Amino acid sequence: DVKVTQSSRYLVKRTGEKVFLECVQDMDHENMFWYRQDPGLGLRLIYFSYDVKMKEKGDIPEGYSVSREKKERFSLILESASTNQTSMYLCASSRTDYGYTFGSGTRLTVV
Amino acid sequence: KQEVTQIPAALSVPEGENLVLNCSFTDSAIYNLQWFRQDPGKGLTSLLLIQSSQREQTSGRLNASLDKSSGRSTLYIAASQPGDSATYLCAVISGTYKYIFGTGTRLKVLA
């Protein structure tokens, strides 16, 4: 069964910390995505990548960066965590022109 | 700019009822439309993917239809069960690598 794995289900971090969220897919998909989901705001795209070492800003990239050194792994980095980055983070992957497969999500709390 | 709307935002039905969830989009030039289910605190699970050349897809008690000319998709759930209670999201991809998500319909099936 195809899978997108997010390394942590729950994380609690302190304000100002550098935070790494990891996502790994085993489907050889070209495209990978990071979203955040907040009540009343729906899913918002942070960054996406359509190839190794390629990245594109989504709708809300401020305060985030990403890394894709290998095809199967896409990392989201919070350079200096802030309380307004408390959210559910969802990773997804896809083959171009086909559907998304999502991971199970990481609930990040910044205190 | 593509916009995706789901109405109603919430729906409560008795067990056994057949129901229809609606998804509307403003730009008919889409590649795919995908329906997802999300349980509280979890990631998104893909239910059905309809590619632009298709008009419907079926999986078990679920049937999704697509009418690109009118900018609409419907998800039909037959003989609803309490286990169907979740939030249902539709998403469209049109010309870029990324999906545009609706804000979802929160379904509650009463035993």
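See the structure printed just above.
Summarised in this report is the structure supplied together with it. Counting restarts for each chain: residues are numbered from 1 in the order of the written sequence. Numbering of ligands from 1 and lettering of chains from A proceed in the order in which they are written. Per-residue local features of the predicted model are confined to residues with pLDDT of at least 70, and side-chain atom pairs are confined, for both listing and counting, to 80 or more; whole-chain, interface and lining totals are unaffected and use all residues. Here the side-chain values reflect all heavy atoms present in the structure, with hydrogen atoms and water set aside.

Section: the sheet that holds strand β3 (residues 19-25) of chain B
All names here are of chain B.
1) Next: A pair of strands is labelled paired if DSSP reports no fewer than 2 bridges between them. The way it works is that DSSP assigns letters per residue, a run of H or I at least four long becomes a helix, a run of E at least two long becomes a strand, and they are numbered from the N terminus. What the five strands build is an open sheet, ordered β1-β3-β8-β7-β6; its pairing is antiparallel. Two strands bound the open sheet, and with one partner strand each, they are β1 (4-7) and β6 (56-59). Between one strand and the next, the sheet's axes are offset by a mean angle of 15°, whatever the strand orientation. Interaxial angle, 0 to 180 degrees, is taken between N-to-C directions of lines fitted to C-alpha atoms, where a helix line uses only the stretch in contact.

Some remarks on the pairing of strand β11 (residues 106-110) of chain A
All names here are of chain A.
1) Next: Each residue is assigned to one of three classes by its accessible area relative to the maximum for its type, calculated with a 1.4 Å probe on protein chains only: buried under 20%, partly exposed between the two thresholds, exposed over 50%. Of the two faces of β11, the one holding Thr106, Leu108 and Val110 is buried and the one holding Arg107 and Thr109 is not buried anywhere.
2) Next: Both strand β2 (residues 10-13) and β11 contribute to a ladder of four bridges, which runs parallel. Along β11, the bridge assignment pairs Val12 with Thr109.
3) Next: Pairing geometry for strand β9 (residues 87-94) and β11, over three bridges, is antiparallel. Counterpart to Tyr89 in the pairing with β11 is Thr106.

A closer look at the side chain of Gln37(A)
1) Next: Relative to the elements of secondary structure, Gln37(A) occurs in strand β4 (residues 31-38).
2) Next: In terms of polar contacts, Gln37(A) uses its side chain to reach the side chain of Gln38(B), at 2.8 Å.
3) Next: Residue contacts are counted whenever heavy atoms from the two residues lie within 4.5 Å of one another. Contact partners of Gln37(A), with chain neighbours within four places excluded, come to Gly42(A), Leu43(A), Ser87(A), Met88(A), Leu90(A) and Gln38(B). Polar contact criterion, stated in full: a pair of N or O atoms within 3.5 Å, where within protein one must be able to donate a hydrogen and the other to accept it, and residues adjacent in sequence count only if both atoms are side-chain atoms.

Comments concerning the interface of chain A and chain B
1) Next: Each side of the interface is counted separately: chain A has 21 residues, and chain B has 17 residues.
2) Next: Carbon and sulfur atoms make up 60% of the surface buried where chain A meets chain B, a total of about 1,600 Å² over both sides.
3) Next: A pair is scored as a salt bridge if a Lys or Arg side-chain nitrogen falls within 4 Å of a carboxyl oxygen belonging to Asp or Glu. The interface formed by chain A and chain B holds zero salt bridges in total.
4) Next: Our count for the chain A to chain B interface comes out at five residue pairs in polar contact (both at pLDDT 80 or more).
5) Next: Broken down by secondary-structure element, the contributors of at least two residues to the side of chain A that touches chain B are β4, β5 (42-49), β9 and β10 (100-102) of chain A.
6) Next: Examining the composition of the side of chain A that touches chain B, we find that four residues originate from one element, β4(A), more than from any other.
7) Next: Polar here means any residue other than Ala, Val, Leu, Ile, Met, Phe, Trp, Tyr, Cys and Pro, which are nonpolar, and Asp, Glu, Lys and Arg, which are charged; Gly is therefore polar. Classifying every residue of the side of chain A that touches chain B gives eleven nonpolar, six polar and four charged. Here the quantity called buried area is the total loss of accessible area, with a 1.4 Å probe, experienced by two parts when brought into contact, counted for both.

Remarks on the nonpolar core
1) Next: The biggest cluster of nonpolar side chains holds 22 residues, and the ones touching the most others in it are Leu33(B), Trp35(B), Leu75(B) and Ile77(B).
2) Next: Of all the elements in the fold, those that place two or more residues in this core are β3, β4 (32-38), β5 (44-51), β7 (62-67), β8 (72-77), β9 (86-93) and β11 (105-110) of chain B.
3) Next: With residues up to four places along the chain from it excluded, the contact list for Ile77(B) reads Glu17(B), Asn18(B), Leu19(B), Leu21(B), Arg61(B), Leu62(B), Asp84(B), Tyr88(B) and Leu107(B).
4) Next: Side-chain atoms within 4.5 Å link the members of a nonpolar core, which is a set of buried Ala, Val, Leu, Ile, Met, Phe, Trp, Tyr and Cys residues. In this structure, Val4(A), Val19(A), Tyr47(A) and Ile60(A) belong to the second largest nonpolar core, which totals 21 residues.

Functional significance is not addressed by these values, which are geometric in nature.
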